[in-house]
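# Per-entry structural report
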Amino acid sequence: MSTEQRQSQQEEEFDVLVVGAGFAGAYQLHKLRNAGFSVKVFEAGSGMGGTWYWNCYPGARVDSDFSIYQLSMEELWKDWTWKERFPGRQELVDYFAYVDKKLDLSRDISFDTRVTAAHFDTTVDRWIVSTENGRVVRPRFLILCTGFASKPLYPNVKGLETFQGVMHHTARWPQTGVDLAGKRIGVIGTGASGVQVIQESGPVASHLTVFQRTPNYAMPMVQHDLTEEAQTKMKAELIPAILRRRKQTFAGFQYSTIDRGVFDMTPEERLLSFEDLWRLGGLQFWLGGYTDIFVDERANDEAYRFWRKKVIERVNDPEMQRKLAPEVPPHPFGVKRPALEQNYYEVYNQPNVTLIDLAENPIVEVTPKGVKTQDGVEHELDILVLATGFDAVTGSISQIDIRGTDGSLIREKWGNRLSTYLGMTCAGYPNMFFSYGPQGPTAFCNGPTCVEMQGDWITNCISDMREKGKTCIQATQEAEDAFVARVDEIYSQGLWDRAKSWYNGSNVPGKRIQSLNFTGGLPLYQTMCREVVEGGYTGFILE
Ligand code: N01
């Protein structure tokens, strides 16, 4: 081997490769670098932000309060001023640029670098990782900060590729934007992305056609502008308390669910309490509401009836009311992710808006001109928006060719049954961790809260290994089986399987249906992770 070759090999051997530069990747890079490790980040996008880089579709906006949807380091929040209670996508991109500058992150990030394969070399306890643009690196540890929504799901509709107009998935929207004004727009999908695109399109389109398979139980965002003075005041006391509090609540928010039962109140008390939660806006009625709605059908029905009444009050046409908020709920309230909306329901009062209920009038095919439905109508369109979601939670990782010690692909292992230890590691795949991924609190947790908690755990684990002179850690199959059994048992206590959703994989044709997340709440999850460390990394083999 020449000196040059040896040098380039050394350059590509470092401690940790982090994949993804969203909240998780940014935090992980900062923590590990501060702990003295050599770290590189590979990011498929051309800028930081992860989901906030890719999801630049019209109206994209976060649905958690600004106060909790940020990293908790004082050096960051003390000098950053938010503009809105629920920041829009551009504000989040600006925030990431600010974080990048403050923490000097991008000197260790390679953008436009998509990781395509990784396999573990047992002879040297290192990962060999390849990228689409031909790089090969050999980190000791591989940390996948790939988010839960980075593999878009395209609808399997006949003729999709024949459409002659402009067609984009919301998560692959052109960074340069698309002019919606005066266009005939069709939107397939009414999840959180669809709701936001519909809100933006309705007022400017010449005609908007919404193709809805399942109504979204959307709740009012109650957005407002923020002043600098109000935030200065908040920073003095409230922000530190809120950021500490978010680690102690079920979903990593500033509030927790209410442990009192829906039927522990008189109907009048219940109504007043529901009204109070509703008025607060955001996800409060859902994640700050009554815990028993997730386990007790009767309690859940009370929440559904309340929600339905609120929607009907805003929609004029009885046919629209029936489609948007049916008398018989298609699934229980809140067991599928509700979106936050601003003017969503008012859009359906506009004369230029058509709502197709695909349950009674399915799409037959996409044609060069538009979308044809079973009733024979061809809906002619200039723009077709695919707001059809993601192969969520597992897809972000399993789309990479990751091979473990016996050479088998993680997508094959997880294709049979999703199986992880602590929602951060996987037996047979040593020195690999993931954050905000499968069987972690992920979909049931505020993103920044989850990635900081898991990021700290991973950083401490790797630091402990360094201290003990260990180069390899891997979960045992027994520990993993016991963890998965616990995940499944907790999940089975809720009503989650009563809805087809990305929470359990049933939104993807052919995907195995099981809990993709840890549904027991952040406090229990943290206890389990802490106990493993206190036991000397119980369930892991360290060598
Ligand atoms: O994706 P989704 P998303 N034919 O899977 C429909 C976060 N997020 O991108 O419900 C017709 O929720 C599908 O129908 P159905 C948030 O956590 C946050 O909207 O399966 N329709 C559904 O209506 C969110 O939950 C924010 O029957 C088809 C829609 O497409 C998660 O990301 C903003 C179809 C997909 O909805 C994912 O949200 C955006 C088909 N073949 C996203 N296939 C905020 O912070 C799918 N659908 C505000």
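In the block above lies the structure referred to throughout.
Residues numbered from 1 in each chain as written. Predicted model: local features only at pLDDT ≥ 70, side-chain atom pairs only at ≥ 80, totals over all residues. Heavy atoms only, no water.

Our next topic: the overall build of the protein. Within the protein, the regular secondary structure consists of 18 helices and 21 strands. Its C-alpha radius of gyration of 24 Å places the protein within 12% of the 24 Å reference for a compact globule of 543 residues. Burial status across the protein gives 58% buried among its 543 residues. Nonlocal contacts in the protein, meaning residues at least 24 apart in sequence, comprise 71% of its contacts between residues at least 6 apart. Accessible surface, the protein: about 22,100 Å² in total, of which carbon and sulfur atoms supply 49%. Taking the average place of the 57 positive charges on the side chains of the protein and the average place of its 69 negative ones, the gap between the two points comes to 1 Å. (Helix = DSSP H or I, 4+ residues; strand = E, 2+ residues; numbered from the N terminus. Rg over C-alpha atoms; globule rule 2.2 N^0.38 Å. Buried < 20%, exposed > 50% of the residue type's maximum accessible area, 1.4 Å probe, protein only. Contact = heavy atoms within 4.5 Å. Areas by Shrake-Rupley, 256 points an atom, 1.4 Å probe, with all protein chains shown as cover. Lys, Arg positive; Asp, Glu negative; His and termini not counted. Charge placed at Lys NZ, Arg CZ, Asp CG, Glu CD.)

Across the 5 residues of strand S9 (residues 184-188), 4 count as buried, placing the element largely inside the fold. Since S9 and strand S10 (residues 207-212) lie parallel, the crossover through helix H6 (residues 192-201) that links them has a hand, and here it is right-handed. Note: S9 against strand S17 (residues 383-386), 4 bridges, orientation parallel. When the bridges of S17 are listed, valine 187 appears paired with valine 385. (Right-handed = clockwise from strand over helix to strand, strands pointing away. Pairing = 2+ DSSP bridges.)

Turning our attention to helix H11 (residues 297-312). Taking 1.5 Å of rise per residue, the 16 residues of H11 would be expected to cover 22 Å, and the 22 Å separating its terminal C-alpha atoms lies within 8% of that figure. For H11, the full list of buried residues reads Ala299, Asn300, Ala303, Tyr304, Phe306, Trp307, Arg308, Lys310 and Val311. On its buried face, H11 is in contact with strand S11 (219-220), helix H9 (267-280), helix H10 (284-287), helix H12 (318-324) and helix H13 (344-347). Put simply, aspartate 296 is the residue that caps the front of H11, since its side-chain oxygen is 2.9 Å from the backbone nitrogen of arginine 298. (Expected span 1.5 Å × (residues − 1). Polar contact = N/O pair within 3.5 Å; in protein donor to acceptor, adjacent residues only side chain to side chain.)

Turning our eyes to something else, we now look at the sheet that holds strand S5 (residues 126-131). The sheet built from 4 strands is open, its strands ordered S6-S5-S4-S18 with mixed pairing. Of all the strands in the sheet, the pair left with one neighbour each is strand S6 (136-137) and strand S18 (401-403). Two elements, strand S4 (residues 115-121) and S18, share 3 bridges in a ladder whose sense is parallel. Looking across to S18, one finds that histidine 119 is bridged to arginine 403.

Attention now goes to the site of the ligand. Residues in contact with the ligand amount to 23 residues; listed here are only the nearest, Arg61, Thr190, Ser193, Thr214 and Lys336. The side chain of arginine 213 places a nitrogen or oxygen atom 2.9 Å from an oxygen atom of the ligand. In this structure, an oxygen atom belonging to the ligand sits 3.4 Å away from a side-chain N or O atom of arginine 337. Here the shell around the ligand takes 3 residues from H6, the largest share from any one element. Each residue belonging to the shell around the ligand can be placed in one class, and the counts come to 10 nonpolar, 8 polar and 5 charged. (Near = heavy atom within 4 Å. Nonpolar A, V, L, I, M, F, W, Y, C, P; charged D, E, K, R; others polar.)

As a packed pair, helix H2 (residues 23-34) and helix H16 (residues 447-468) sit with axes 9 Å apart at the nearest point and diverge in direction by 35 degrees. Judged by the twist between their axes, the crossing of H2 over H16 is right-handed. Contact residues: Phe23, Ala24, Tyr27, Gln28, Lys31 and Leu32 in H2; Pro448, Val451, Glu452, Gly455, Asp456, Ile458, Thr459 and Ile462 in H16. (Axes fitted to C-alpha atoms, helices over the stretch in contact; angles between N-to-C directions. Left-handed = near helix turned anticlockwise from the far one by under 90°.)

Here the focus is the packing of aromatic side chains. Taken as a whole and judged by the stated rule, the model has 42 aromatic pairs. Aromatic rings pair up to connect Tyr217, Phe274, Trp278, Phe285, Tyr290, Tyr304, Phe306, Trp307 and Phe333 into one cluster. Note that lysine 40 overlies the ring of phenylalanine 14, its terminal NZ or CZ placed 5.4 Å from the centroid. Note that arginine 298 overlies the ring of phenylalanine 263, its terminal NZ or CZ placed 4.3 Å from the centroid. (Phe/Tyr/Trp six-rings, centres within 6.5 Å; stacked < 30°, edge-to-face > 60°. Lys NZ or Arg CZ within 6 Å of the ring centre and 35° of its normal.)

Packing of H9 against H11 brings their axes to within 11 Å, and their N-to-C directions diverge by 60 degrees. Regarding the angle of H9 to H11, the classification is oblique. The two elements H9 and H11 meet at a crossing, and its hand is right-handed. Residues Arg270, Leu271, Phe274, Glu275 and Trp278 of H9 form the contact with H11, whose own contacting residues are Glu302, Ala303, Phe306, Trp307 and Lys310. (Parallel < 35°, antiparallel > 145°, perpendicular 65-115°, else oblique.)

It is worth spelling out the sheet that holds strand S7 (residues 141-144) at this point. Read from one edge of the open sheet, 5 strands run S3-S2-S1-S7-S19, paired in parallel fashion. The sheet is open, and its two edges are formed by strand S3 (109-110) and strand S19 (432-434), each paired on a single side. Two strands pair when backbone bridges link them, and strand S1 (residues 16-19) and S7 are joined in this way by 4 bridges, in the parallel orientation. Paired with valine 16 across the two strands is phenylalanine 141, which belongs to S7. Of the strands in this sheet, S1, strand S2 (39-42), S3 and S7 touch H2, which is tilted by about 170 degrees from S2.

Moving on, we get to the environment of valine 41. The residue valine 41 is located in strand S2 in this model. Spatially, the C-alpha atoms of valine 41 and glutamine 477 are 29 Å apart, while their sequence positions differ by 436 residues. Among all residues touching valine 41, those that are not within four sequence positions of it are Val18, Gly20, Ala21, Leu29, Asp108, Ile109 and Ser110.

Next up on the list: the side chain of arginine 246. Mapped onto the elements, arginine 246 comes out in the loop between helix H8 (238-245) and H9. A polar contact of 3.3 Å, which involves the side chain of arginine 246, links it to the side chain of glutamate 452. Once residues lying within four places of it in the same chain are set aside, the contact partners of arginine 246 are Ile68, Gln70, Leu71, Ser72, Gly252, Phe253, Asn446, Pro448, Thr449, Glu452 and Leu522.

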